[in-house]
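Topology and contacts: notes
Each chain, letter by letter, is given below.
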Amino acid sequence: MKQLVARAIVLNRTDYGEADRILTLLTPEFGKVSVLAKGVRRVKSKLAGGIELFSISQVTFIKGRSDLGTLVSSRLEVYFGNIVTDIDRTMKGYDYIKRLNFMTEDAPEPGYFELLCITFAALNDLTVTTPVIEVWFGMQALRLSGHEPDLHRDSAGEPLKPSMQYAFDISTMHFARAENAGTFSANHIKMLRLSAQATTPQVLAKVQGGTQLCTQLVTLIQNLQRHSGLIKL
């Protein structure tokens with residue numbers, strides 16, 4: 001049978017039998033695939049070193065007649081080891097893996113693989129705070145799924161004004177003028193726009209006051225993802 005080669009990130013690992021493991025892999029070439037890694041839990045397994053969590057690997061596998069293929073070989077390309085040195089970053093890493101696994105239940109486009117690669121690299125960079133990563137990740141996930149909020153016009157169709165304070169109307173995915181003092185200022189909206197456009201969270205980390213703004217935006221970003229069905233309720 002034909003062997004297929006791909007870059008891969010492990011999304012899920014399930015022990016199977018005495019020494020095997022079923023892996024769910026996210027790849028840019030073939031989307032999400034499930035493979036059986038035979039004997040991988042044995043001490044001398046040649047497969048184990050290439051399928052670590054928080055890593056990017058090159059894998060060779062054979063597609064099976066069913067949905068489950070067979071892993072032939074694996075080679076570690078990048079291991080983001082700093083993630084596991086900090087408990088908060090480790091837990092965030094697990095959370096992003098679970099979210100990507102949930103988001104990509106249908107055939108995912110290659111952008112989701114790139115999203116997780118960049119997110120791992122940002123978590124690995126100890127100078128980038130987790131609120132900055134969370135806001136960037138959320139905006140990128142909303143963009144990829146086609147649920148990006150309108151960051152240019154309010155719920156009445158009027159252009160957003162720098163002098164105004166706004167609330168957010170999640171039912172319309174627009175900012176709305178607040179009768180009293182709103183929660184979000186022009187700086188919050190600018191940060192969301194930058195998060196949607198920036199190629200990496202490191203760009204946001206360079207903005208003066210960026211961590212504080214992102215900390216204030218985290219709840220909104222997570223609510224937007226829940227409303228759009230990107231976070232499992």
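My aim in this report is to walk through the structure given alongside it, one point at a time. The structure displayed is predicted, hence computed values, not measured ones.

**Re unusual backbone geometry**
- The phi torsion at F54 lies on the positive side, around 60°, for a residue other than glycine.
- Counting through the fold element by element, F54 comes out in the loop between β3 (31–37) and β4 (55–62).
- On the basis of relative accessibility, which here comes to 2%, the residue F54 falls in the buried class.
- Unlike most non-glycine residues, M173 shows phi in positive territory, near 60°.
- By secondary structure assignment, the location of M173 is in the loop between β6 (166–169) and β7 (174–177).

**Observations concerning helix α2 (residues 111–124)**
- Over its 14 residues, α2 runs 20 Å from end to end, which matches the ideal 20 Å to within 8%, given 1.5 Å per residue.
- Summarising burial for α2: eleven of the 14 residues are buried, a large majority.
- For α2, the full list of buried residues reads Y112, F113, L115, L116, C117, I118, T119, F120, A122, L123 and N124.
- On its buried face, α2 sits against β1 (3–16), β2 (20–27), β4, α1 (87–103), α3 (130–145) and α5 (201–205).

**Thoughts on the environment of F61**
- Looking at the element boundaries, F61 is found in strand β4.
- Once the C-alpha coordinates of F61 and V33 are considered, the two residues, 28 residues apart in sequence, prove to be 9.8 Å apart.

**Observations regarding the pattern of salt bridges**
- Per the stated rule, a full pass over the model turns up seven salt bridges.
- Residue E134 pairs with R99 through a salt bridge whose shortest N-O separation is 2.9 Å. With E134 in helix α3 and R99 in helix α1, this residue pair connects regions lying 35 residues apart in the sequence. Taken as a pair, E134 and R99 share a single burial class, namely buried.

**Quick word on the sheet that holds β4**
- Spatial ordering of the closed barrel is given by β1-β2-β3-β5-β4, a layout of five strands whose pairing is mixed. For this sheet, the mean inter-axis angle between neighbouring strands, taken without regard to orientation, is 50°.
- Where β2 lies against β3, seven bridges are found, and the strand directions are antiparallel. In the strand pairing of β3, I22 is matched with L36.
- Of the strands in this sheet, β1, β2 and β4 touch α2, which is tilted by about 70° from β1.

**A short note on a nonpolar patch on the surface**
- A grouping of L76, Y79 and V84 is seen on the molecular surface, where their side chains present a nonpolar patch of about 250 Å² in accessible area.
- By secondary structure assignment, the location of L76 is in strand β5 (residues 68–79).
- For L76, a relative accessible area of 35% puts it in the partly exposed group.

**Section: the pairing of β2**
- A large share of β2 lies buried, amounting to seven of its eight residues.
- Where β1 and β2 come together, seven bridges link them in antiparallel fashion. Opposite N12, over in β2, you have T24 as the bridge partner.
- Following β1, the chain reverses through three residues before pairing antiparallel with β2; G17 in that reversal takes a positive phi of roughly 65°.
- If you look at the hairpin formed by β2 and β3, you'll find three residues sitting between the two strands.

Analysis parameters
- Residues numbered from 1 in each chain as written.
- Predicted model: local features only at pLDDT ≥ 70, side-chain atom pairs only at ≥ 80, totals over all residues.
- Heavy atoms only, no water.
- Helix = DSSP H or I, 4+ residues; strand = E, 2+ residues; numbered from the N terminus.
- Buried < 20%, exposed > 50% of the residue type's maximum accessible area, 1.4 Å probe, protein only.
- Expected span 1.5 Å × (residues − 1).
- Contact = heavy atoms within 4.5 Å.
- Salt bridge = Lys/Arg side-chain N within 4 Å of Asp/Glu carboxyl O.
- Pairing = 2+ DSSP bridges.
- Axes fitted to C-alpha atoms, helices over the stretch in contact; angles between N-to-C directions.
- Patch = residues over 30% accessible without salt bridge, like charges linked within 9 Å, V, L, I, M, F, W, Y side chains within 5 Å.
- Areas by Shrake-Rupley, 256 points an atom, 1.4 Å probe, with all protein chains shown as cover.

By themselves, these observations are geometric and do not establish any function.
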